[in-house]
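Observations on the three-dimensional arrangement
If you want the building blocks of each chain, they are given just below.
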Amino acid sequence: MENKNWKAWLYLLPAIAFLGVFMVYPLADVLVYSFEEGYNSASQTFFGTGLYNYSYVLHDPYFLQAVKNTFILVIITVPVSTGIALLISLGLNSIRRLRELYQTVFFLPYVTNTLAVGLVFMILFKKTPYSDGMVNLLINWFGGESVDFIDGPYWAKMFVMCFYTVWVVMPFKILILTSALASVRQDYYNAAKIDGTSKWRIFTRITLPMISPMIFYLIITGFIGAFKAYSDEVALFGTDLNAAGMNTIVGYVYDMLYGDSGGYPSYASAAALILFAIVFTITVINLLISRKNVHY
Amino acid sequence: MKVVLDHLTKKFPSRNKKGDTVTAVSDFCFEVPDGSLIGLLGPSGCGKSTALNLICGLEKPTSGRIFFGDDDVTNLPPENRGVGLVFQNYALYPHLTVRQNILFPLQNLKGKDRLSKAEMLKKADEAAKLVQIEQLMDRKPSEMSGGQQQRVAIARALVKLPRVLLLDEPLSNLDARLRLQTREEIRRIQRDTGITTIFVTHDQEEAMSISDLIVVMKAGVVQQIGRPQEVYDDPANLFVAKFLGTPPINVFEGRVAGGKLFLGEDEVLRVAGVDDQPVWAGVRPEGFIPQEAGPLCCSLAGVEVMGRDTSVVSSHPAAENVSIRSIITAEHRIDKDAETVRFALKPNKVFLFRRDSEERIPFEAV
């Protein structure tokens, strides 16, 4: 056995070396930085080790705002996007004509550039001295007051952010769920039909369990993706997210590294590790829940 | 429950988009006697599964009617027909246990038909007992063999006491040994419950062995209906004769002239009441009697002794296939090294068919 193993390691060496240099080492470094107080990347010096960085980050109002924003984003967009994607997939699965056309249309946002989409959203939502934006036009049409979605109240900005995120993540979910639904064998539905199963019961007792692994996959990746949200917010609110009050955890990490107030890799590392802890916890909770409800 | 199929026809739109149709089942008339076991038999694509789907209601007939007893069920949806269907690949819900699978049809019942929980469990247990899977009730389908899954599928179809039980290729996913065992089992379950049962198969042996009546289909058209032995002994046409029997019937290009049947140059049989014409002559493998001076002269290719019987492989210039396979009883000795073997034919094992229509030509052996 021992003799044969070195060959296996040899073949794995390129991958291990690559992952080691570009993943394991930086990850370990982040962990180290997060405990080094006052680390300066130019001079490579620090003046102590401890939990001060964590304490600073956790007491930073900008960070707390970012955590709040991220959590709201996650809690709203993951269920909403998965739910709507499921409805659309069910619809797509039950039509024959024009199905391919609709599939293409629903998939378009996936291949569209984030910043381009952000620009379109600006046109839809932004209030300028010349126009109130398309959405406000509609609101006025129905007799409502114009709302500034980009620079206005927190809830309006949060609405745009969630709307945008849902819209951007949906195509992939539709793609996955449509193929998952198509892979459920017709026999199960025929068997249920002969036994007089109601539509709702077919959905809850047959369709959902059958595609549960895919739904679970989408929820986990959806959570992780939403926790890592950043570029979408930049596309909507510009780079100074703290000023807009719409920063996310990843945005905070970025600001701490490179932003105008940046140059603090230690704080950034601590924030990144806190994010990691949050994502890890949520994923473990997801796995525990799934054990009961997901059928492979 | 008697099942009556009255001029049942099903046409599907053709794939070539010209508005053509493909007739899957054509003018199917049949009265299934109450409590019988029927085998729908035919090669792939002959419309037997479509016929089954019409009976259970998954497909709507293009024309014709279906009656269960005196009820016209033609336009009833499947759930109101009271049928149980066992799918070829069982279609057991993989995420449910055996018990949950069997309970599933009962849990669908609503209103006054709805049973209490205890009654449901009792019925599920009864169904499980009938197919002898009581000890497997808490397993998932993936933890069982094909034969066991098959039984669960039957139990699930039987649990709501259907008026008619339908089985689609019930044995084709089982290995050879299990197949023998399971077909006996299906026969037993059918006898025990007395439920009118129709099953589809492409395996003639399977259909012959357990059916009360077999229906032979080809290209959507029923070829013959009858007791298995009757159909075997008295095939309506060349297709039926070829389809039934292992080893298959041996077909010769023959001709009838002056009341005599010629296979090639050999005058093999006197047949009265047949006009002079070219014919297909079918001879069952057991219809050959080795005789020193027998009229049919074949070149011997091999002799396979199988204990009880001997299988003789030979060839003849008029035969449709390269080799003729005949089964003779072990008391006839065949010299393995001989060049030729001569046979006399048993008249009741010889069938004549028209060259053109392949319909059977009756004759009297003289």
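Parameters and conventions
Residue numbers here run from 1 along each chain, matching the order of that chain's written sequence. As they are written, the chains are lettered A onward and the ligands numbered 1 onward, keeping that order. Side-chain atom pairs in this predicted model are given and counted only at pLDDT of 80 or more, local residue features only at pLDDT of at least 70, and totals for whole chains, interfaces and linings cover all residues. By the criteria applied, helices consist of DSSP H or I runs no shorter than four residues and strands consist of E runs no shorter than two, each listed in order from the N terminus. With C-beta atoms placed from the backbone, a residue is buried if 20 or more other C-beta atoms are within 10 Å of its own, exposed if 12 or fewer are, and partly exposed between those counts. Delimitation of the domains relies on an automatic or database domain assignment. Any residue pair is listed as a contact if its two C-beta atoms, each placed from the backbone, are within 7 Å. Ten residue types, Ala, Val, Leu, Ile, Met, Phe, Trp, Tyr, Cys and Pro, are classed as nonpolar, four, Asp, Glu, Lys and Arg, as charged, and the remainder, Gly among them, as polar. Only when DSSP finds a minimum of two bridges between them are two strands counted as paired. Each axis is a line fitted through C-alpha atoms, and for a helix only the stretch in contact is used; angles between axes span 0 to 180 degrees, taken between their N-to-C directions. Here a nonpolar core is just a set of buried residues of the types Ala, Val, Leu, Ile, Met, Phe, Trp, Tyr and Cys, joined wherever their C-beta atoms sit within 7 Å. The quantity called pLDDT is the predictor's confidence in a given residue, expressed from 0 to 100. Angle categories are assigned with fixed cut-offs, so that under 35 degrees is roughly parallel, over 145 is roughly antiparallel, 65 to 115 is roughly perpendicular, and the rest are oblique. Crossings are assigned a handedness: left-handed for a near helix turned anticlockwise from the far helix by less than a right angle, right-handed for a clockwise turn.

1. Quick word on the overall build of chain A
When its secondary structure is counted, chain A shows 13 helices and 0 strands. Taken from N to C terminus, the helices and strands of chain A fall in the order α-α-α-α-α-α-α-α-α-α-α-α-α. In terms of overall dimensions, chain A has a C-alpha envelope of 75 × 75 × 30 Å along the principal axes. Taken across its 296 residues, chain A has 28% of its residues classed as buried.

2. Digging into the domain arrangement of chain B
Where interface size is given, it is often the accessible area lost as the parts come together that is meant. Residues and elements named next belong to chain B. With domains assigned, chain B is organised as domain 1 (3-242) and domain 2 (247-365). Using only C-alpha atoms to locate each centre, domain 1 and domain 2 end up separated by 38 Å. Opposite the 7 residues of domain 1 that make contact, domain 2 presents 10 residues.

3. So, the interface of chain B and chain A
Taken together, the contact between chain B and chain A spans 15 residues of the former and 13 residues of the latter. Where the side of chain B that touches chain A is concerned, the elements lending two or more residues are strand S6 (83-86) and helix H2 (98-107) of chain B. Residue composition of the side of chain B that touches chain A, grouped by class: 11 nonpolar, 3 polar and 1 charged.

4. Structural notes on the environment of Phe172(A)
Along the chain, Phe172(A) falls in helix H7 (residues 154-182). Each C-alpha atom of the pair Phe172(A) and Leu108(A) lies 9.9 Å from the other, and the pair is 64 residues apart in sequence.

5. A word on the sheet that holds strand S21 (residues 360-361) of chain B
Residues and elements named next belong to chain B. The antiparallel open sheet is built from 7 strands, whose spatial order is S21-S20-S14-S11-S12-S13-S22. For this open sheet the edge positions go to S21 and strand S22 (364-365), each flanked by a neighbour on one side alone. Note: strand S12 (residues 260-263) against strand S13 (residues 266-272), 4 bridges, orientation antiparallel. Looking across to S13, one finds that Phe262 is bridged to Glu267.

6. Observations concerning the sheet that holds strand S19 (residues 340-345) of chain B
All names here are of chain B. Overall, antiparallel pairing links the 5 strands, which are arranged S15-S19-S16-S17-S18 in an open sheet. What marks the edges here is a single partner per strand, and that holds for strand S15 (288-290) and strand S18 (324-329). Here the strands of the sheet are splayed against their neighbours by 50 degrees on average, with no regard to which way each runs. Bridging between strand S17 (residues 309-315) and S18 involves 6 bridges; their strand directions are antiparallel.

7. A few points about helix H12 (residues 249-258) of chain A
Residues and elements named next belong to chain A. In terms of burial, H12 is largely enclosed, as 7 of its 10 residues are buried. Turning to H12, its buried residues are Ile249, Gly251, Tyr252, Val253, Tyr254, Asp255 and Met256. Packing partners of the buried residues in H12 comprise helix H3 (61-94), helix H9 (199-227), helix H10 (231-237), helix H11 (241-244) and helix H13 (265-293).

8. Side note on the nonpolar core
Of all hydrophobic cores here, the largest spans 105 residues; its most connected members are Leu40(B), Ile55(B), Ala155(B) and Leu166(B). In terms of residue count, helix H4 (residues 146-158) of chain B provides more of this core than any other element does, 6 residues in total. When residues are assigned to domains, this core turns out to be shared by domain 1 (3-242) and domain 2 (247-365) of chain B, each giving three or more. The contacts of Leu40(B), once residues within four sequence positions are left out, are Lys48(B), Ala51(B), Leu52(B), Ile198(B), Phe199(B), Val200(B), Val215(B) and Met217(B). Counting residues in hydrophobic clusters, the runner-up holds 48 residues, among them Phe63(A), Met161(A), Tyr252(A) and Met256(A).

9. Structural notes on the confidence of the model for chain B
Of all residues in chain B, 100% attain a pLDDT of 70 or more, and the chain-wide mean is 89. Overall fold confidence (pTM) sits at 0.78, and the ipTM for the predicted complex is 0.80.

10. Section: the packing of H3(A) against H7(A)
Residue and element names in this part refer to chain A. Contact geometry of H3 with H7 gives a least axis separation of 7 Å together with a crossing angle of 40 degrees. Comparing their axes, H7 and H3 come out oblique. Like other packed secondary-structure pairs, H3 and H7 cross with a definite hand, here right-handed.

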